[in-house]
Amino acid sequence: MSTLTLRVGSVVIEVERRTAVVSAVLVGLAAGLALLALCHGQDWATPAEVFTALTRGGESAFVIREWRLPRVAAALVFGASLGLAGAVFQNLTRNPLGSPDVIGLDAGAYTGALVAITLLNGTAGQLAAGSVAGGLLAAAVVYLLSLDSGLSGLRLVVVGIAVNAMLTALNCWIVLRAEIDVALAATGWNVGSLNGVDWAEIRLPFAVIGLFVLLLLVISQAVHQGALGDEIARTSGVRLGRLRLLMVLAGVGCTATVTAVAGPVVFIALAAPQIGRRLARAAGVPLVPAALTGAVLLLAADLVAQLLLAPVALPVGVVTTAIGGCYLIWLLSMEVKRR
Amino acid sequence: MSSRLTAEDVTLGYGERVVSARVSLAVPDGAFTAIVGPNACGKSTLLKAFVRLLTPSSGAVRLDGRDVADHRPKRFARQVGFLPQGLVAPEDIVVRRLVARGRYPHGSLLGTGTAADAEAVRSAMEVAGVAELAERRVEELSGGQRQRVWIAMVLAQETPYLLLDEPTTFLDITHQYELLALFARLRDEGRTIVAVLHDINQACRFADHLVAMKGGRVVAQGPPADVVDAELMREVFGLPSVVMPNPATGTPMVVPTV
């Protein structure tokens, strides 16, 4: 297998050629989809108009820069963030089913966001903090309930699915109990939607996601070492307890921040890492292909959501849930066969 | 005989179940130590205590007089390497990449891509006899090949101490002897080897220091020629046997008489 090398000081970073090619293709695909999404609207703009609007302004500049661009940026960054969160948890549980949307962390984050809206004012900061806190709490509950087997294995996934169901019920109850205007706002959003996203809403979440990505960069070597199993990881110098805590923090952070803005968008975190891994044919569950695949998937799903029943824009979560359901059934049957 | 790595009066177990009570062992520096004993006698458990995978409920495991738990993990991992049993490689990983994971304790935030890392990986694959498998996927390999890949990984860690839990498992007889000869060679280069071995004759043939365990206790230890006799075989393994000098090497050879 041929590799590409990159020299940083005395350190040579080696990348499989296939991983590099797949990453480049995914970036190209994301750029193409982004252009398409920027063109799409009630009146289709030509790519030339989009370029003019982005670089020099012009008559459609406001629509493209202030309405369409934030939505495209949100789809890309949130998709990447969900892909990363999925990869982190699949590495942590060493199970392709162990993704935050399956084991109830998205639902927990949504509970946190709902609490922030119904009991507090629901400012962007409160939403972000509430979501992360809710996600961490859900993670703690799943962890405590599956403590016998530690943070790994099918047991955690099964416990997580149960927690997910209970939290979804709790979320329904909160919405039913809430004031009508809050309830309307919350339900429009409980399947995950990027409709009407603007820059003001996403600045803080982008910064928060940036911080968690930075954290992941710092621990990525240890994450991959952890995939060798507890014993080798520990005897080769990984502080496993601390690493797992940081992984949970980064994984919950990445998924909860997205939930705070867009509601629970399922399937991306589940599927992106596995699709990315298969495309790149890389070892374990690599982070970069997961992020890129997530970005492409969410943007594509959001385009489909806008085009499917145009001019009515569906919430993107409807599309991801539909595809995700099929994928989950397939994955479950594969898992059962493997055992 | 000096010992930098010692276990003093340690009690080891999992949860409530005690495997070893107040066991002591000083690992002789620069020697090849073989630990033998029947199944479930606490050999692996003792090994795990030496590499910080198991914290003793009493007593202390020390490296250079300092409790192993107080060493910084990466620095400790540059001193002591460990090969456990029953390893599973990440999906789709190629041999060279897996061996390179042994360099983790020598790495930085950027990973393990220095010239020293590359050389350690190359030489470890060469020595373990997996150089020609470098670009193969680990899951495509036979059990014996896989075992040698894991051995290459722990060799790439380049530690003065090498602890191995039944490293000859899955290997055919030729590779078993090659591996044991390799350990003897590493010992000659100044490394300290501790291996749990099943084959008592191989232990006698290659080890400088033999530790016999039973029921969580060290029953006997010393040079194989001083330690191994029919009496020990009956006491430790419950196996009637005659012990005679190996015609090829002169080391004790156990011939069971059942």
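Rules used in this analysis
- Residues numbered from 1 in each chain as written.
- Chains lettered and ligands numbered in written order.
- Predicted model: local features only at pLDDT ≥ 70, side-chain atom pairs only at ≥ 80, totals over all residues.
- Helix = DSSP H or I, 4+ residues; strand = E, 2+ residues; numbered from the N terminus.
- Contact = placed C-beta atoms within 7 Å.
- Buried ≥ 20, exposed ≤ 12 C-beta atoms within 10 Å, placed from the backbone.
- Pairing = 2+ DSSP bridges.
- Axes fitted to C-alpha atoms, helices over the stretch in contact; angles between N-to-C directions.
- Domains from an automatic or database assignment.
- Nonpolar A, V, L, I, M, F, W, Y, C, P; charged D, E, K, R; others polar.
- Parallel < 35°, antiparallel > 145°, perpendicular 65-115°, else oblique.
- Left-handed = near helix turned anticlockwise from the far one by under 90°.
- Expected span 1.5 Å × (residues − 1).
- Core = buried A, V, L, I, M, F, W, Y, C linked by C-beta atoms within 7 Å.
- pLDDT = per-residue confidence, 0-100.

## Focus: the overall build of chain B
Point 1. Secondary structure summary: chain B contains 9 helices and 12 strands in total.
Point 2. With the C-alpha coordinates aligned to their principal axes, the bounding extent of chain B is approximately 55 × 40 × 35 Å.
Point 3. When contacts within chain B are restricted to residue pairs at least 6 apart in sequence, long-range pairs at least 24 apart make up 62% of them.

## Remarks on the overall build of chain A
Point 1. Within chain A, the secondary structure is distributed over 13 helices and 2 strands.
Point 2. On the principal axes, the C-alpha backbone points of chain A span a range of 60 × 55 × 40 Å.
Point 3. Taken over 339 residues, chain A has a buried fraction of 48%.
Point 4. Long-range contacts, defined here as pairs at least 24 residues apart, represent 72% of the contacts in chain A between residues at least 6 apart.

## A closer look at the sheet that holds strand β6 (residues 80-83) of chain B
The strands making up a sheet are joined through hydrogen bonds of the backbone, oriented either antiparallel or parallel.
All names here are of chain B.
Point 1. Within the open sheet, the 6 strands sit side by side as β6-β7-β8-β3-β9-β10. Their pairing is mixed. A strand with exactly one partner marks an edge of an open sheet, and here the two such strands are β6 and β10 (217-222). Between one strand and the next, the sheet's axes are offset by a mean angle of 15°, whatever the strand orientation.
Point 2. Sheet analysis places strand β9 (residues 209-214) next to β10, joined by 5 bridges and oriented antiparallel. Paired with alanine 212 across the strands is alanine 220, a residue of β10.
Point 3. Relative to strand β8 (residues 192-196), helix α6 (residues 173-188) is tilted by about 155°, and along the sheet it contacts β3 (32-36), β7 (161-165) and β8.

## A word on the environment of glutamate 201 of chain A
All names here are of chain A.
Point 1. Following the sequence through the fold, glutamate 201 ends up in helix α8 (residues 199-226).
Point 2. Accessibility expressed as a C-beta count within 10 Å gives 16 for glutamate 201, which makes it partly exposed.
Point 3. Between the alpha carbons of glutamate 201 and glycine 263 there is a distance of 13 Å; along the sequence they are 62 residues apart.
Point 4. In this view, glutamate 201 contacts Ala124 and Val261; residues no more than four positions away in its chain are not counted.

## Some points on the environment of threonine 249 of chain B
Point 1. You can see threonine 249 of chain B is positioned in the loop between β11 (241-245) and β12 (252-256).
Point 2. C-beta crowding within 10 Å serves as the criterion here: with 12 such atoms nearby, threonine 249 of chain B is assigned to the exposed category.

## Comments concerning the domain arrangement of chain B
Residues and elements named next belong to chain B.
Point 1. Annotation of chain B at the domain level lists domain 1 (1-74 + 160-258) and domain 2 (80-158).
Point 2. Computed over C-alpha atoms, the centres of domain 1 and domain 2 are 24 Å apart.
Point 3. Each partner contributes to the interface: domain 1 provides 17 residues, whereas domain 2 provides 14 residues.
Point 4. Elements with a contribution of two residues or more to the side of domain 1 that touches domain 2: β7 and α6.

## Looking at unusual backbone geometry
Point 1. Backbone geometry at phenylalanine 267 of chain A places phi at a positive 80°, although glycine is not the residue there.
Point 2. For phenylalanine 267 of chain A, the position within the fold is in the loop between α10 (240-262) and α11 (268-280).

## Points about the interface of chain A and chain B
Point 1. On the side of chain B, 29 residues touch chain A, which itself brings 25 residues to the contact.
Point 2. Going through the elements one at a time, β2 (11-16), α8 and α9 (230-235) of chain A are the ones with two or more residues in the side of chain A that touches chain B.
Point 3. Each residue belonging to the side of chain A that touches chain B can be placed in one class, and the counts come to 12 nonpolar, 8 polar and 5 charged.

## Considerations on the packing of helix α3 (residues 61-93) of chain A against α10 of chain A
All names here are of chain A.
Point 1. Across the interface, α3 lies against α10 with an axial gap of 9 Å and an inter-helix angle of 150°. Judged by the angle between their axes, α3 and α10 are roughly antiparallel. Judged by the twist between their axes, the crossing of α3 over α10 is left-handed. Every residue of α10 that contacts α3 at Phe78, Ser81, Leu82, Leu84, Ala85, Val88, Phe89 and Leu92 is listed here: Arg244, Met247, Ala250, Gly251, Cys254, Thr255, Thr257, Val258 and Ala262.
Point 2. Residues that form the contact of α3 with α10 fall into these classes: 12 nonpolar, 4 polar and 1 charged.

## Quick look at α10 of chain A
Point 1. Counted at 1.5 Å a residue, the expected span for α10 of chain A with its 23 residues is 33 Å, and the 33 Å between its end C-alpha atoms agrees.
Point 2. One or two steps after α10 of chain A, the chain reaches glycine 263 of chain A, where phi turns positive at roughly 80°.

## Looking at the nonpolar core
Point 1. Core analysis: the largest hydrophobic core is formed by 176 residues, its most contacted members being Leu82, Leu84, Leu298 and Leu299 of chain A together with Val99, Ala152 and Leu163 of chain B.
Point 2. Per-element tally for this core: the top contributor is α3 of chain A, with 15 residues.
Point 3. Built from parts of two domains, this core gets at least three residues from each of domain 1 (1-74 + 160-258) and domain 2 (80-158) of chain B.
Point 4. Those residues in contact with leucine 299 of chain A, other than ones at most four positions away along the chain, are Ala30, Leu33, Ala34, Ala37, Val72, Ala75, Leu76 and Gly79 of chain A.

## Description of the sheet that holds strand β5 (residues 66-67) of chain B
Residues and elements named next belong to chain B.
Point 1. Read from one edge of the open sheet, 4 strands run β2-β1-β4-β5, paired in antiparallel fashion. If you trace the sheet from one side to the other, it starts and ends with β2 (17-27) and β5, each paired once.
Point 2. Packed onto the sheet, helix α1 (residues 43-50) meets β1 (5-14), β2 and β4 (58-63) and runs at close to 120° relative to β1.

## A look at the confidence of the model for chain A
Detailed reading of predicted coordinates is not advised where the pLDDT is low.
Point 1. With 96% of its residues at a pLDDT of 70 or more, chain A has an overall mean of 86.
Point 2. Averaged over each element, pLDDT in chain A is lowest for helix α7 (residues 180-187) of chain A (74) and highest for α9 of chain A (93).

## So, the pairing of β11 of chain B
Residues and elements named next belong to chain B.
Point 1. Burial of β11 is sparse: only 0 of the 5 residues sit out of reach of the surface.
Point 2. Strand direction decides the pairing type here: β11 and β12, joined by 5 bridges, are antiparallel. From the neighbouring strand, valine 243 faces β12, where its bridge partner is valine 254.
Point 3. Counting the residues that bridge the hairpin from β11 to β12 gives 6 residues, and of these glycine 250 lies at a positive phi of roughly 85°.

## Examining the environment of serine 24 of chain B
Residues and elements named next belong to chain B.
Point 1. In this structure, serine 24 sits in strand β2.
Point 2. Counting along the chain gives 37 residues from serine 24 to valine 61, while the straight-line C-alpha distance between them is 9.1 Å.
Point 3. If we ignore the near neighbours within four places in the chain, the residues touching serine 24 are Ala7, Glu8 and Asp9.

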